[in-house]
Amino acid sequence: MTEATPASTSCVLVIVGGSMAAVKAPSVLRRLREQGLGVRAIATRAALAFITELSLSTAADGLVGTDAHWFEARPDALHLTHARVDGVVVVAASAELLAGAAGGHANDLALASLLSVRGPVLWVPAMNEAMWRSPAVQANVERLRSWGHRFLGPEVGAFGTRGEGSGLGRMAEPEDIAARMLTLLRPVKRDLEGMRVVVSAGPTREYLDPVRFISNPSSGKMGFAVAEEARDRGADVTLVTGPVTLGDPPGVTTVRIESALELRDAVVAAAADADIVVMTAAVADYRAAEQASEKQAKIAGDVTIHLTPNPDILAHLGADKGKRVLVGFAMETHAGVERAAAKAARKNADFILLNYPTREGTAFGGDDNQVTLVRPDGRHEDWPRVSKREVARRLLDEAVQAAHARPTV
Ligand code: C5P
């Protein structure tokens, strides 16, 4: 993957937390320096139980802050000096560090610096799977995400010095951390200024009666990532989403719907003057032919539910496409490329991003996605597994190209 190198003056602060993975911190520092970035580091007290200040300062080629320095340096506000960087990456991020940051605490140099910093913050957690999955840690992660903080991992694999641990919890590899940081530091293009973008996201719910519905596990993350990326690139964005746990992205007009029919109405209205429409929503193919207005009583024996097809929103927009660029998503378990190409052609979409429900860590609910771009004529290209935000970036690059290729009327 080729990455544009940000200005050579870019400087990154690496905060090292108190997890076993702290021993990998010097490799992260080296990888960042190899990318031409200036690097400084802070080791928390807990990190110094796993790694020495000397090994960090050797790899960082300079400034390493610890709480001992902070207290000595007062009132020189060492946290402000350390925060004067273009971005932060927190490696070996522990549950404790996440809790401190999510709570706005400032009782050590790392937390105080995080409060003062501008620019992107990338968390790279490493902890035991049970801890990572605990509601407290997940709530802190969600809180930090809602402030725009990014996360990489944890990953599945062996961890621990003797390889005694295995499962979710392993820290991402140093080269992946450096690559993600470079992406975050890349200056944001404003190439969607003056454009209107409509994105659909999440599942739909097709009610059988007031308390029962047919749905699917779509998390909405992919669509929200497209909406946020389009917003950051200057577009006027409308996000139409089914029921998901994600909050409204700031600066995006968000419309909440439940059923496919509601989704169609909202998307068609918003798409009237749109330049780009991206359908990531996992629309239910069928709804109950008749929705009961009262809860249906349980009866002995089998029940037959009569379903009727939902309208195909993408195909509907494609039938009267105008100058709009239309992008779809498709999830296939087999014959993916042929089926996605046929879909793109039938629905008159410019391209479809194909993914597979069976891939670990991608598609439904995951933070990453591995997709294949498929055009109506069958031409296709595989993209590597990257974050959903990075998929969104590439998707919009393609959509902008397609928009520029349209003949002007
Ligand atoms: O046909 P399939 O559901 O696989 O097509 C997927 C693409 O079509 C997605 O972009 C999805 O949002 C869109 N779609 C739609 N209306 C439907 C079903 C799917 O717009 N009823």
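Residues numbered from 1 in each chain as written. Predicted model: local features only at pLDDT ≥ 70, side-chain atom pairs only at ≥ 80, totals over all residues. Heavy atoms only, no water.

Overview of the layout of surface pockets
If you roll a probe as big as a water molecule over the atoms, it shows you where there is empty space left.
So, point 1. Approximately 910 Å³ is the volume attributed to the second largest pocket.
So, point 2. Every residue lining the second largest pocket is counted, 39 residues in all, and those nearest its centre are Ala281, Ala282, Val283, Phe329 and Ala330.
So, point 3. Where the lining of the second largest pocket is concerned, the elements lending two or more residues are helix H10 (221-232), helix H12 (313-319), strand S17 (325-331), helix H13 (336-347) and strand S18 (351-355). (1 Å grid on protein atoms, 1.4 Å probe; cavity = no way out; pocket = protein on both sides within 12 Å on 5 of 7 lines; lining within 4 Å. Points joined across faces, edges and corners; volume = space filled by probe spheres on them. Helix = DSSP H or I, 4+ residues; strand = E, 2+ residues; numbered from the N terminus.)

Re the packing of aromatic side chains
So, point 1. Per the stated rule, a full pass over the model turns up two aromatic pairs.
So, point 2. Between Trp123 and Phe151, the aromatic rings sit 6.3 Å apart at their centres with planes inclined by 15°, giving stacked as the arrangement. On the criterion of sequence distance, the pair formed by Trp123 in strand S5 (residues 121-125) and Phe151 in strand S6 (residues 150-151) is long-range, its members being 28 residues apart. We note that Trp123, like Phe151, is buried. (Phe/Tyr/Trp six-rings, centres within 6.5 Å; stacked < 30°, edge-to-face > 60°. Buried < 20%, exposed > 50% of the residue type's maximum accessible area, 1.4 Å probe, protein only.)

Points about the site of the ligand
So, point 1. The immediate surroundings of the ligand are formed by Met279, Ala281, Val283, Pro311, Asp312, Ile313, Leu314, Gly328, Phe329, Lys343 and Lys347.
So, point 2. At 3.0 Å, a backbone N or O of Ile313 approaches a nitrogen atom of the ligand.
So, point 3. Between the ligand and Lys347, the relevant distance is 2.9 Å, taken from an oxygen atom to a side-chain nitrogen or oxygen of the residue.
So, point 4. With respect to the detected pockets, the ligand is housed in the second largest pocket.
So, point 5. Listed by contribution, the elements that provide at least two residues to the shell around the ligand are H12, S17 and H13.
So, point 6. Here the shell around the ligand is built from residues that sort into seven nonpolar, one polar and three charged. (Near = heavy atom within 4 Å. Polar contact = N/O pair within 3.5 Å; in protein donor to acceptor, adjacent residues only side chain to side chain. Sits in = over half its atoms within 2 Å of the grid points. Nonpolar A, V, L, I, M, F, W, Y, C, P; charged D, E, K, R; others polar.)

Observations regarding the nonpolar core
So, point 1. Core analysis: the largest hydrophobic core is formed by 36 residues, its most contacted members being Leu192, Val199, Ile276, Val278, Leu353 and Leu395.
So, point 2. Looking at this core, the elements with two or more residues in it are strand S9 (196-201), H10, strand S12 (236-241), strand S14 (276-279), S17, S18 and helix H14 (388-405).
So, point 3. Element by element, the count of residues in this core is highest for H14, at eight residues.
So, point 4. Those residues in contact with Ile276, other than ones at most four positions away along the chain, are Leu192, Met195, Arg196, Val197, Val198, Val325 and Ala399.
So, point 5. Grouped together as the second largest cluster of nonpolar side chains are 34 residues, Val14, Val124, Ala126 and Ile177 included. (Core = buried A, V, L, I, M, F, W, Y, C linked by side-chain atoms within 4.5 Å. Contact = heavy atoms within 4.5 Å.)

What about the domain arrangement of the protein chain?
Interface size is often expressed as the accessible area that is lost when the parts come together.
So, point 1. On domain assignment, one finds that the protein chain holds domain 1 (11-185) and domain 2 (196-404).
So, point 2. A straight line from the C-alpha centre of domain 1 to that of domain 2 covers 35 Å.
So, point 3. With five residues of domain 1 at the interface, the matching set in domain 2 holds six residues.
So, point 4. Buried surface at the junction of domain 1 and domain 2, summed over both partners, amounts to about 400 Å²; 38% is from carbon and sulfur atoms. (Domains from an automatic or database assignment. Buried area = accessible area lost by both parts, 1.4 Å probe.)

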